[in-house]
Amino acid sequence: MKSLFRCAGSSLAAVLVEFALLTALVSLFHIFYLAGALIAAAAGLILAFLLNRSWAFADGRGRAWRQLGKHILVVAGGVGIGTLLLWVAVHQLSVPYQLGWLASGTVVFFAWTFPMQRLFTFRAAPAAA
């Protein structure tokens, strides 16, 4: 449970950075919202990895590059799922992109990101018998 709350905290920090960047890219620089979401996701990816590795899962024993590769796979899957959900929310349901992004990100965190980070990227070593 502790790692769930810490991972959620790491994700929240990354989400705040992503949301601010997404809003700036779309509203100030007039970048297409899906492109802005992908650029913002890349920034959030790095922040989330650093926080998850050092704090949420406290897993400094694994090889950082290997964990980063796994993290990228997990995030890429989440970005793909989230982008599809965002598109559905905006184009099919006429939800404002900010609310669609928040809703799709929440679904992706609980259904994909946390389980995959816990079981794949930062998998705990089996306890010694």
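In case you missed it, the structure is sitting above this.
Report on the accompanying structure. (Residues numbered from 1 in each chain as written. Predicted model: local features only at pLDDT ≥ 70, side-chain atom pairs only at ≥ 80, totals over all residues. Heavy atoms only, no water.)

Topic: the overall build of the chain
Our working definition: Only DSSP runs of H or I reaching four residues or more are called helices, and only runs of E reaching two or more are called strands; each is numbered from the N terminus. Throughout this description, buried means an accessible area under 20% of the type-specific maximum (1.4 Å probe, protein chains only), exposed means over 50%, and partly exposed covers the range between. We call two residues contacting when some pair of their heavy atoms lies within 4.5 Å.
A tally of regular secondary structure across the chain gives 4 helices and 0 strands. Ordered by position from N to C terminus, the α and β elements of the chain give α-α-α-α. Along the longest, intermediate and shortest principal axes, the C-alpha atoms of the chain span 55 × 25 × 20 Å. Here the chain, with 129 residues, has 36% of them falling under the buried criterion. A separation threshold of at least 6 residues defines the contact pool for the chain, and within that pool the share at least 24 residues apart is 67%.

Concerning the packing of aromatic side chains
Heads up, the condition is: Only the six-membered ring of Trp is used, alongside the rings of Phe and Tyr, when aromatic pairs are assigned; centres must lie within 6.5 Å, and planes under 30 degrees apart are stacked while those over 60 apart are edge-to-face, with the rest tilted.
Enumeration according to the criterion identifies 5 aromatic pairs in this entry. On the numbers, 6.1 Å between centres and 25° between planes, the contact of Phe49 with Phe122 is stacked. Of this pair, Phe49 sits in helix H2 (residues 33–56) while Phe122 sits in the segment after helix H4 (97–121), and the two are 73 residues apart along the sequence. On the basis of relative accessibility, which here comes to 6%, the residue Phe49 falls in the buried class.

Describing helix H1 (residues 2–28)
The condition is simple: One fewer than the residue count of a helix, multiplied by 1.5 Å, yields its expected span.
The terminal C-alpha atoms of H1, which comprises 27 residues, lie 38 Å apart, in line with the 39 Å expected from a rise of 1.5 Å per residue. Among all positions in H1, only Ser3, Leu4, Cys7, Ser10, Ser11, Ala14, Glu18, Leu22, Leu25 and Val26 are buried. Looking one or two places after H1, you find His30, whose phi comes out positive at around 55°.

Considerations on unusual backbone geometry
At His30, a residue that is not glycine, the phi angle is positive and equals roughly 55°. The exposure class of His30 is exposed, given its relative accessible area of 65%. Of note in this structure, Ser94 is not a glycine but carries a positive phi near 60°. With respect to the helices, strands and loops of the structure, Ser94 is situated in the loop between helix H3 (64–92) and H4.

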